[in-house]
Amino acid sequence: MFYSIEIRGVVQGVGFRPFIYNLAASSGLKGQVSNNGYGVLILLDACQEELDAFVQKIRANPPPLCEIDSIKITQIKKTKSFECFSIQMSESAKSLSSHIPSDIAMCAECESELKDKTNRRFEHPFITCTNCGPRYSIIRNLPYDRKNTSMDEFVMCKKCAAEYENPHDRRYHAQPIGCHECGARLSLLDNKGKIIESVNIIDKAVELIAEGKIVCVKGIGGYHLICDATNDDAVKLLRERKKRPSKPFGVMVEDIDVAKKIAIINAKEEELLCSNRRPIVLLKKRDDNSLSDFVAPNINQVGLFLAYTPLHHLILQRLNTPIVATSANISDEPLCTTYDDIMKLRGIWDYCLEHNREILNSCDDSVAFVENEKVFMLRNARGYAPLYLRLPQTTSKKILSLGANQKSTVAITVEDSVILSPYIGDLGSLSSINHFKSHIETLKRIYDFTPDVVVCDKHPNYESTKYAKELVAQNQEVELLQVQHHYAHILATMGVKGITTKVLGVSFDGTGYGDDGNLWGGEFLVCDLEGYERVGQFKYFKLIGGEKAIKEPRRVALGFLFEIYGDGVFNLNNPITNSFSAAEIKTLYTAYKNGLNSPLSSSCGRLFDAVASLLDVVQVCSYEGESGLLLESLYDENITEYYKFSMQDNEIDFSQIAKQILDEENSRIAVSKFFNTIVEIIYLVQKKYDLPLVLSGGVFQNRVLLRLIMKKIPDVILPESFVSNDASIAYGQAIAALNLKTL
Ligand code: ZN
Ligand code: ZN
Ligand code: FE
């Protein structure tokens, strides 16, 4: 009998064809395997029993990087006979729905070769194989062949070429293959661009880090700024130069043993840290950890990740101390990926460990945490990107969705899936907007994609909205769809969990443009794939100073004080009023009363700010999400009480809760009761509806809140293995577009 076996998923560039080849050869089966437009196509000459055994083996033990979506078997007519089993070369046609593999951490086999003095790749900083190394960051085009990657300029030496051509070799068709002789090379520069000569460049770079210098290191999808994480002066210097006073830094360690000396790590967290995706994992700090206090000041968590490139291993092995490894960029600007980019930051670093393998697609480090055995992402990037997500139905339309404005991501649809770009960052500067556009171009180029529909947020001033309108203006054939922000949030969680029925969505975040033009962010939405109805919200409050209030929790709190005490605030003497001058308070009161630059908001994120200010935890934030993180550190799980609240006309008036917080003497008690109150509010509202409860929005990045909700409402539906912040919006927008009437 003849069978065709079509396998879809992440099956190209992951050693799938040689795996099939070896499997067939060892079973004595004849036929062939090739990449096609959808994945991998196998023709097999076998009887039913042999076929079953063959497919079972594919499922049981596939190559580590492959992800099988589907296996379709069809019996076909015997048209020719096969002498043996062979691998056919890639078809030139584009693999339109084939998945691009992510950048993957060095595998154990490569690590042992890296450390083996007798191996010809001993200490080769770019060692890779079929099972590991860069992928997405070096791909220019599909199909994934060396000529379509940034490795095309390196000519393989004879030895590497022989390995590359040999189906029995573990580097068979490993596109980034190379060695000391023919691969990429390191160089070390000072911040004037002068090359530092040294017998061993890595030794020299390590010496500089150990001396307390800040060294910029080119990695997989961008550059890191690196310094000794145990050296106060070095970490402080990095903070000063990067103008980043307190936002926690990620810390890279050599292996899990070192990680365990710094943080308390459970089995699930260990699995995530050691996975070949190697995200930064947020962990509880150990009291006796060796890190400088300046790494993650005033919070009880630390973000750790394990070395993932051979170069990181070579550095950490020599240095023997954890390092701060933070993305090399200026705040709000995109990650540096080129020499020119990094030279613009020369005021920040002292030396740069550079290499000549080009980064074609930038990709930041991913960030995740584990709560209740479940993985939640804060940033989907290296190791995960591009992310393939399911659509509730197949579509023939080509949808391009442009996401929100913060934590930007973009997405395209291909048949029944959405391909989501890695985290791009905030669209707050010209260069980040260009960067956003280049991510769109990358997806268009690789997938030969021209949109029929462009989807964006309703916010008229989002850069993504403006760009969507530009695209549509350029081409009258293209349809435009604007989707409400919080509805898109809920659709995204529904999408990852495959939910298509009616739900109660709770969308709590910092801000999003509401249908009435106000700043929403504390919303209860009854929704399905067709639309939504807003059934509850926090009662609108005034954000004094608009945008300014986002960075200054004291302005949000002051608004509540005005609401509670009116001009009685002039006589108050508390940390909030004391942080302003008397004149300022008078001016702000006038603005508040007259609604001048004081937009209405229902944002739950801002309520966290208000609480942080009322309790004098923070009055002016130096980074986004700071108030939530600081409040988490104060939560006491032994306190189970909550504040009184009421819901009238579907509105919860937070000033009632604010009053009780003002009367509280102990801030731990107040913080704990506040968290418990938010959970009670969600609980109360969901009891009114006999619908699945779905959560999304940046507020649900708060671990304490998540933990409490999972405990109180065990069947709550969360964006597991995905993000709840605005990086999820592009996905939700694509789902919303499926129901455009004209589609
Ligand atoms: Zn490897
Ligand atoms: Zn070579
Ligand atoms: Fe949002």
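As a further point, take helix H17 (residues 582-594). Relative to the 18 Å expected for 13 residues at 1.5 Å per residue, H17 spans 19 Å between its end C-alpha atoms, a close match to the ideal helical length. Listed as buried for H17 are Ile-585, Leu-588, Tyr-589, Ala-591 and Tyr-592. Axial view of H17: buried residues confined to an arc of 165°, hence all on one face. Among the exposed residues of H17, those pointing more than 90 degrees away from its buried face are Ala-583, Thr-587, Lys-593 and Asn-594. For H17, the secondary structure elements touched by its buried residues are strand E26 (541-542), helix H15 (553-565) and helix H16 (575-578). The first or second residue beyond H17 is Gly-595, which carries a positive phi of 65°.

This paragraph deals with the domain arrangement of the protein. Domain annotation for the protein reports domain 1 (2-87), domain 2 (100-184), domain 3 (186-355), domain 4 (386-498 + 726-736) and domain 5 (538-712). The gap between the C-alpha centroids of domain 3 and domain 5 is 35 Å. Contacts between domain 3 and domain 5 engage 11 residues on the former and eight residues on the latter. Regarding the contact of domain 3 and domain 5, the summed buried area is about 750 Å², with carbon and sulfur atoms giving 52% of it. Our enumeration of links across domain 3 and domain 5 arrives at one salt bridge. The interface formed by domain 3 and domain 5 holds five residue pairs in polar contact (both at pLDDT 80 or more) in total.

This part covers the coordination of the zinc ion (ligand 1). Binding of the zinc ion (ligand 1) to the protein goes through Cys-107 (SG), Cys-110 (SG), Cys-129 (SG) and Cys-132 (SG), at separations of 2.3 Å. Considering all four donor atoms around the zinc ion (ligand 1), the spread of angles at the metal, 104 to 117°, places the coordination shape in the tetrahedral class. All donors of the zinc ion (ligand 1) come from a single chain, and their spacing in sequence reads C-x2-C-x18-C-x2-C. Here Cys-129 matches Cys-132 in class, with each residue buried.

Six octahedral donors around a metal ideally sit at 90 or 180 degrees from one another, while four tetrahedral donors ideally sit at 109.5 degrees. Coordination of the zinc ion (ligand 2) by the protein is provided by Cys-157 (SG), Cys-160 (SG), Cys-179 (SG) and Cys-182 (SG), with metal-donor distances spanning 2.2 to 2.3 Å. Around the zinc ion (ligand 2), the four donor atoms are arranged such that angles at the metal cover 105 to 115°; this shape is classified as tetrahedral. In primary sequence terms, the donor set of the zinc ion (ligand 2) follows C-x2-C-x18-C-x2-C. In this pair, Cys-160 is assigned in helix H4 (residues 158-165) and Cys-182 in the loop between H4 and strand E6 (186-190), connecting sequence segments 22 residues apart. Relative accessible area serves as the criterion here: at 8%, Cys-182 is assigned to the buried category.

This paragraph deals with the sheet that holds strand E19 (residues 411-414). Taking strand neighbours across the sheet as the criterion, the six strands line up as E17-E20-E19-E18-E21-E22 in an open arrangement whose pairing is mixed. The open sheet terminates on both sides in strands that have one partner only, identified here as strand E17 (387-390) and strand E22 (479-483). Each strand of the sheet is rotated relative to its neighbour by a mean of 25°, with strand direction disregarded. Of the pairings in the sheet, the one linking strand E18 (residues 399-401) to strand E21 (residues 453-457) comprises three bridges and is parallel in character. For Ser-401, the partnering residue across the bridge sits in E21 and is Val-455.

Let us now look at helix H21 (residues 667-687). Look at H21: 30 Å from first C-alpha to last across 21 residues, which is about the 30 Å you get at 1.5 Å a residue. The element H21 is extensively covered by neighbouring structure, given that 15 of its 21 residues are classed as buried. Regarding H21, its N-cap is Asn-666, as a side-chain oxygen of that residue lies 2.7 Å from the backbone nitrogen of Arg-668 further along.

Procedures and definitions
- Residues numbered from 1 in each chain as written.
- Chains lettered and ligands numbered in written order.
- Predicted model: local features only at pLDDT ≥ 70, side-chain atom pairs only at ≥ 80, totals over all residues.
- Heavy atoms only, no water.
- Helix = DSSP H or I, 4+ residues; strand = E, 2+ residues; numbered from the N terminus.
- Expected span 1.5 Å × (residues − 1).
- Buried < 20%, exposed > 50% of the residue type's maximum accessible area, 1.4 Å probe, protein only.
- Arc of directions from axis to C-beta.
- Contact = heavy atoms within 4.5 Å.
- Domains from an automatic or database assignment.
- Buried area = accessible area lost by both parts, 1.4 Å probe.
- Salt bridge = Lys/Arg side-chain N within 4 Å of Asp/Glu carboxyl O.
- Polar contact = N/O pair within 3.5 Å; in protein donor to acceptor, adjacent residues only side chain to side chain.
- Donors = N, O, S within 2.8 Å, 3.2 Å for Na, K, Ca; no water.
- Tetrahedral: all angles 85-135°; square planar, octahedral: opposite > 155°, others 65-115°.
- Pairing = 2+ DSSP bridges.
- Axes fitted to C-alpha atoms, helices over the stretch in contact; angles between N-to-C directions.

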